[in-house]
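Notes for the structure review
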Amino acid sequence: MTPSVSLLLLLLLGLSHAYPLEEEGSEAEPQMDDDDTVDISTRILNSNNGTNEMLLEGDLLVPTTRNAMKCWNQECLWKKGSNGLVTIPFTISNQFPSGEKKKIDYAMKSFAKSTCIRFAPRKNEYDYISIENKGGCYSALGRTGGRQELSLNRRGCLYHGIIQHEINHALSFQHEQTRSDRDSHVLINWDNIDPNMAYNFHKQDTNNLNTPYDYSSIMHYGRTAFSIRQGADSITPIPNRNAQIGQRKGLSKWDIKRIKKLYNC
């Protein structure tokens with residue numbers, strides 16, 4: 001073997017140690033840092049693009065145990081215990097490594113800081129939330145009975161605001177922009193929305209709990225949700241077109257007040 005060939009082999013060996021080849025099918029850990037440049041609805045809709053689930057408004061599972069997306073009556077609220085706390089049993093898939101489980105746990109515990117909602121690992125309860133790494137970010141609306149799936153895909157949903165958003169659906173809260181009084185606060189730009197997607201903007205018969213419309217709600221989609229024209233508004237605040245909607249950090253003060261009112265915290 002010539003000196004030049006030996007040198008080349010040594011260089012290749014060194015590079016293989018510096019940049020080891022990934023095993024076929026291996027995946028890098030998902031990006032976990034919250035990025036303030038993308039709103040929650042954009043992340044959710046991107047993650048749910050191509051999912052096989054039947055979803056309404058982008059991330060709500062079509063109900064199988066009731067006839068309509070109406071969940072603010074006592075039947076679909078989680079039960080309050082004699083201690084005044086609403087304890088919701090949950091399981092979490094082992095597909096989530098420990099660091100991701102901690103992120104989900106942190107988001108669940110954030111509800112306990114200001115409401116009577118508590119999440120506890122399931123023992124043998126019949127009704128519970130099963131947190132899964134499925135094909136997107138989605139949840140059922142309210143307590144459906146038995147095992148109910150809440151999906152947080154590892155590659156697009158593990159952001160604090162998204163986790164809280166989907167949990168809030170499971171508590172029975174709908175999207176802010178589908179409130180019964182939304183036309184006094186936002187303009188829906190139907191021309192910028194695919195007619196096949198227009199059903200996602202139908203108003204719902206919501207219980208607004210005598211609280212004001214909340215542009216800052218974690219349940220409010222961003223202004224370009226479902227838009228067919230890049231950068232064009234599907235939702236425009238009125239009368240102040242520049243009002244911020246689609247925040248991405250966490251529960252607003254009115255989100256917290258509504259939880260407390262609905263569950264009599």
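Residues numbered from 1 in each chain as written. Predicted model: local features only at pLDDT ≥ 70, side-chain atom pairs only at ≥ 80, totals over all residues. Heavy atoms only, no water.

1. Quick notes on empty space enclosed by the protein
Put simply, the rule reads: Cavity means a closed set of points on a 1 Å grid over the protein atoms alone, one where a 1.4 Å probe fits but cannot get out, pocket means an open set with protein on both sides within 12 Å along at least 5 of 7 lines, and lining means a residue has an atom within 4 Å of a point. Grid points are joined across faces, edges and corners, and a volume is the space filled by probe spheres set on the points. Amino acid classes used here: Ala, Val, Leu, Ile, Met, Phe, Trp, Tyr, Cys and Pro are nonpolar; Asp, Glu, Lys and Arg are charged; the rest, including Gly, are polar.
Taken as a whole and assessed by the stated rule, the structure comprises 2 cavities of 30 Å³ or more. The calculated volume of the second largest cavity comes to roughly 30 Å³. Together, Phe90, Met108, Phe119, Ile129, Ile131, Leu150 and Ile167 line the second largest cavity. In terms of residue class, the lining of the second largest cavity is made up of 7 nonpolar, no polar and no charged.

2. Section: the state of the cysteines
Keep this limit in mind: In this description, a disulfide is simply a cysteine sulfur pair whose atoms lie within 2.5 Å. Secondary structure elements are taken from DSSP: a helix is a run of H or I of four residues or more, a strand is a run of E of two residues or more, and numbering for both begins at the N terminus. Only protein chains enter the accessibility calculation, which uses a 1.4 Å probe; a residue whose area is less than 20% of its type maximum is buried, one above 50% is exposed, and one in between is partly exposed.
The final tally for this structure, using the stated rule, is 2 disulfides. What pairs with cysteine 116 in a disulfide is cysteine 265, and their sulfur atoms sit 2.1 Å apart. Here cysteine 116 and cysteine 265 share a disulfide; its torsion about the S-S bond, -65°, makes the bridge left-handed. Taken together, the residues span a long stretch of sequence, with cysteine 116 in the loop between α3 (98-112) and β4 (117-121) and cysteine 265 in the segment after α5 (253-262) at a distance of 149 residues. A residue is classified by how much of its surface remains accessible, and cysteine 116, at 6% relative accessible area, is buried.

3. Describing the environment of glutamine 148
Test applied: Should any heavy atoms of two residues lie within 4.5 Å, those residues are considered in contact. Under the rule applied, a polar contact is a pair of N or O atoms within 3.5 Å (in protein, one hydrogen donor and one hydrogen acceptor; residues adjacent in sequence only if both atoms are side-chain atoms).
Within the secondary structure layout, glutamine 148 lies in strand β7 (residues 147-152). Residue glutamine 148 is classed as buried on the basis of its relative accessible area of 4%. Spatially, the C-alpha atom of glutamine 148 lies 9.4 Å from that of phenylalanine 90, the residues being 58 residues apart in sequence. If sequence neighbours within four positions are ignored, glutamine 148 has contacts with Trp78, Tyr128, Ile129, Ser130, Ala140, Gly142, Arg143 and Ala170. For glutamine 148, the side chain forms a polar contact with the main-chain oxygen of glycine 142, separated by 3.0 Å.

4. Focus on the environment of histidine 175
Along the chain, histidine 175 turns up in the loop between α4 (160-170) and β8 (186-188). In sequence terms histidine 175 and threonine 206 are 31 residues apart; their C-alpha atoms lie 9.7 Å from each other. If we ignore the near neighbours within four places in the chain, the residues touching histidine 175 are Glu57, Asp59, Leu60, His165, His169, Met219 and Tyr221. Side-chain polar atoms of histidine 175 contact the side chain of histidine 165, separated by 3.3 Å.

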